[in-house]
Amino acid sequence: MIGLISATAAGTAARDRLAAAWPDRTRVYEGDVAGAVRTAFAECEGLVCFLATGAVVRMVAPLLSDKRSDPGVVCVDEAGRFAVSLLGGHGGGANALAGEVGAVLGAEPVITTATDAAGLPGLDTLGLPVEGDLAAVSRALLDGEPVALAVDTPWPLPPLPVAEAGEYTIRSTDRLVRPTAREVVLRPPSLVVGVGASRGVSEDEVTALVEAALREAGLAAASVAALATVDAKADEAGIVAAAERMGVPLVAHPAETLARVAVPNPSRAPLAAVGTPSVAEAAALVDGGELLVPKRRSVRADGSPARATCAVARRPVRGRLAVVGLGPGARDLLTPRAVAELRGASVLVGLDQYVDQIRDLLRPGTRVLASGLGAEEERARAAVSEARRGHAVALIGSGDAGVYAMASPALAEAGDDIDVVGVPGVTAALAASAVLGAPLGHDHVSVSLSDLHTPWEVIERRVRAAAESDLVVTFYNPRSRGRDRHLTRALAVLAAHRAPTTPVGVVRNASRADESSLLTTLAEVDPTVVDMLTVVTVGNSATREIAGRMVTPRGYRWQRPEVTR
C-alpha cells in the first residue's frame, strides 16, 4: 500500500488525482501531517508526500531503521513539477515509484541514485539476494574500474560493464561461500528442495533437516527457489510452515507426475502411502536438473523414527528471450515495455539498422550481435542460442516483432528450455492507418508482396481471396527494384472486384521525420512512387474519402450508407 500525505490545497488536489488513478494501491492519511507521516511510515511500503523535501526529511529521520525494510519515500513539490525519490530509491522502490507518480501527474522524476543516474543497474535491484561489499563494487562500476564477473551458477542477468579480470568481483553462485574483500556475491534462485513427510511432522523437524542438508552440502539457503512435495502433502502444516519460515513458495506436484521421474533411491513406502515411489528426490528433480543432495532423513533427538525426508537439486538455468517490437520508427511510438526489455537485456540481437535506432537506450555492458539484411534465420538461431546459455536476450524487429518480423523464426527455433516473452509494437499498417484516417475501421487483411520466401502464385491467390471477400488490404513490401511489377499485378487483381474510385492510401516512412502520404484512388494510383519503405492500403466497397481522410465505416446500421466525398 502507498500512503498519500498532503498539507495544502494544491497538494491535496494532486494527492486526490493520484488516489483516483490508483484506488487499490493507495491510502490517504488525513489530520496532523507529522502524525500522518509516522503512521504511514509504519503501515505502508511506500509514501508519496506532497510536501517540501526538507520538512519530510525532518519528519522521517527519527523513523529510519534499515534501508532494506524502510518504505520508499517520494516528495512532490507544491506546483507538481517534480517527483523526488527521497528515500529508499532501490530497496524501498522509491525510484520506480517516482517514475510512476510522474507519469500520472505529469511531473518530472528526480532520481539521484548514482547507478540509476549513470544508466547502470543497481546490484541490489536485480531481484537476487546480494552479499558482500556492495558499496565498493558499485563504486568501482561507476568509476569505470575493472570489475570481473565470476559465474559459478549461471543465471540471466542484466547488462553489467564487467571485465575478464579486475580487483573487484561480482560472483554468481549458489555455493556457501563468504564474499572476499571487494567482492559481491549474487544468489541465483537455482536450488529446489524436495520434501516428504509423515502426517503431523513439525515445522522444526522439516526446517532443521533442510538447513542441515544445505549446510553440509555447502549450498546457500538464499538460493533456494522453492520447497516441493507431492500434492497429498500440500496442506501438511509442518511443511507449509517451514516454507513460510524460509520465505519461499511451497510447490506441490501430482503423484503421477512424480512417479515418472527417474530417481536413485525409490522406495515402496511412499508408493503405498501417496502413489509415487519417490517424493523428496522426484519433487526436487521434476523439472530436470542435477541432484546435489540425495534423499536424507531427519534425525530426532529422542531417537524415534524420522518423520521427514529431503533432497536438493540444482534446477536447469533458464535463459530469457524477449522478442521486442520497436514500432514504426518514431521514438515516442516505442512502448515503455519495449524500453524496459532493451535496458534489461545483457545480449541484444538484431538487424544492424534497427540496432542503431535504439543503441542509445542500451545499458553499458550490453553485448550486441548485429547483422545485415537477409540474415533473419541466423539472428533467430543466435538469439535462442544465447538464451540457452542462460543469458537475458532481446531480439528486436521493426513494427510488431510478430508481424513479418523476428518472432516467427525465433519461436520456430526455441524449445521449452527457455523462457520467451513477446513485447508488442505498433505496426507499419497501424502507423499508416493513423496517418490516412481510419481505413482499417472494419475487417482487413495484410499481405506481403515479397516473394523471397513465398511463391508469387500463393501471394496472388491470397490477394484474389481478399478481393473477393471485400476486405480492406494493406500491402507490405509492395515494390522493390527486383520486384517492380508485383504491386501493379496485385492492384489489377483488386481492380477486377472493386470500383475505380476505391480509395487507396500510400504512406512512406510512417511516423518518421521524412513521412509522406498520398490519398488517391484505385484507378489513379501510381505504383512507381512506391518502394520498400511504403505501406499501401486499398479500401473495400464501403471505404470513402471524407474531408480528405480515408474512412472505412464500421457497418453499424445507424451510419448513413450514402456518405460520400
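Let us look at the structure shown here.

Cut-offs and rules
- Residues numbered from 1 in each chain as written.
- Predicted model: local features only at pLDDT ≥ 70, side-chain atom pairs only at ≥ 80, totals over all residues.
- Heavy atoms only, no water.
- Salt bridge = Lys/Arg side-chain N within 4 Å of Asp/Glu carboxyl O.
- Helix = DSSP H or I, 4+ residues; strand = E, 2+ residues; numbered from the N terminus.
- Patch = residues over 30% accessible without salt bridge, like charges linked within 9 Å, V, L, I, M, F, W, Y side chains within 5 Å.
- Areas by Shrake-Rupley, 256 points an atom, 1.4 Å probe, with all protein chains shown as cover.
- Pairing = 2+ DSSP bridges.
- Axes fitted to C-alpha atoms, helices over the stretch in contact; angles between N-to-C directions.
- Lys, Arg positive; Asp, Glu negative; His and termini not counted.
- Charge placed at Lys NZ, Arg CZ, Asp CG, Glu CD.
- Parallel < 35°, antiparallel > 145°, perpendicular 65-115°, else oblique.
- Contact = heavy atoms within 4.5 Å.
- Nonpolar A, V, L, I, M, F, W, Y, C, P; charged D, E, K, R; others polar.
- Left-handed = near helix turned anticlockwise from the far one by under 90°.

## Some words on the pattern of salt bridges
Opposite charge on two side chains makes pairing possible when the charged atoms of those side chains draw close. Summed over the entire model, instances satisfying the criterion amount to 25 salt bridges. Of the charged contacts in the structure, one is a salt bridge between Asp-417 and Arg-388, with a shortest N-O distance of 2.9 Å. Taken together, the positions of Asp-417 in the loop between α15 (407-413) and β20 (419-423) and Arg-388 in helix α14 (residues 376-388) put the pair 29 residues apart, joining distant regions of the chain. Shared partners join several salt bridges into a network, and the residues in it are Arg-15, Asp-16 and Glu-30.

## Some words on a nonpolar patch on the surface
Side chains of Leu-149, Val-151 and Val-162 sit close together on the surface and give an oily, nonpolar patch of about 200 Å² of accessible area. With respect to the helices and strands, Val-162 occurs in the loop between β8 (147-151) and β9 (168-172).

## Structural notes on the sheet that holds strand β2 (residues 26-28)
Pairing between the strands of a sheet comes from backbone hydrogen bonds, and it takes one of two forms, parallel or antiparallel. If you walk across this open sheet you meet the six strands as β2-β1-β3-β4-β5-β6, and the pairing is mixed. If you trace the sheet from one side to the other, it starts and ends with β2 and β6 (108-110), each paired once. Across the sheet, the mean angle from the axis of one strand to that of its neighbour is 25 degrees, orientation sign disregarded. Sheet topology note: the strand β4 (residues 72-76)/strand β5 (residues 82-87) ladder contains four bridges and is antiparallel.

## A look at a negative patch on the surface
Taken together, the side chains of Glu-376, Glu-377, Glu-378 and Glu-413 make up a negatively charged region of the molecular surface. Among the elements that line the negative patch, the one with the most residues is α14, at three residues. Among the secondary structure elements, Glu-376 is positioned in helix α14.

## Concerning the packing of helix α1 (residues 9-21) against helix α4 (residues 94-105)
Where α1 meets α4, the axes come as close as 10 Å, and the angle between the chain directions of the two elements is 100 degrees. In terms of orientation, α1 and α4 fall into the roughly perpendicular class. From α1, Ala-14, Arg-17, Leu-18 and Ala-21 reach across to α4, where they touch Val-101, Val-104 and Leu-105. Taken together, the residues of the contact of α1 with α4 sort by class into six nonpolar, no polar and one charged.

## With respect to the packing of helix α17 (residues 456-468) against helix α18 (residues 486-495)
Two numbers describe how α17 lies on α18: the axes approach to 9 Å, and their chain directions differ by 30 degrees. As α17 packs across α18, the resulting crossing turns out to be right-handed. Residues Trp-456, Glu-460, Val-463, Arg-464 and Ala-467 of α17 lie in contact with α18, whose contacting residues are His-486, Arg-489, Ala-490, Val-493 and Leu-494. Considering only residue class, the contact of α17 with α18 consists of six nonpolar, one polar and three charged.

## Considerations on unusual backbone geometry
One non-glycine residue, Arg-182, lies in positive phi territory at about 60 degrees. Inspection of the secondary structure assignment puts Arg-182 in the loop between β9 and β10 (183-186). The phi dihedral of Ser-511 falls on the positive side, at around 80 degrees, and the residue is not glycine. Assignment of secondary structure puts Ser-511 in the loop between β24 (503-508) and β25 (516-521).

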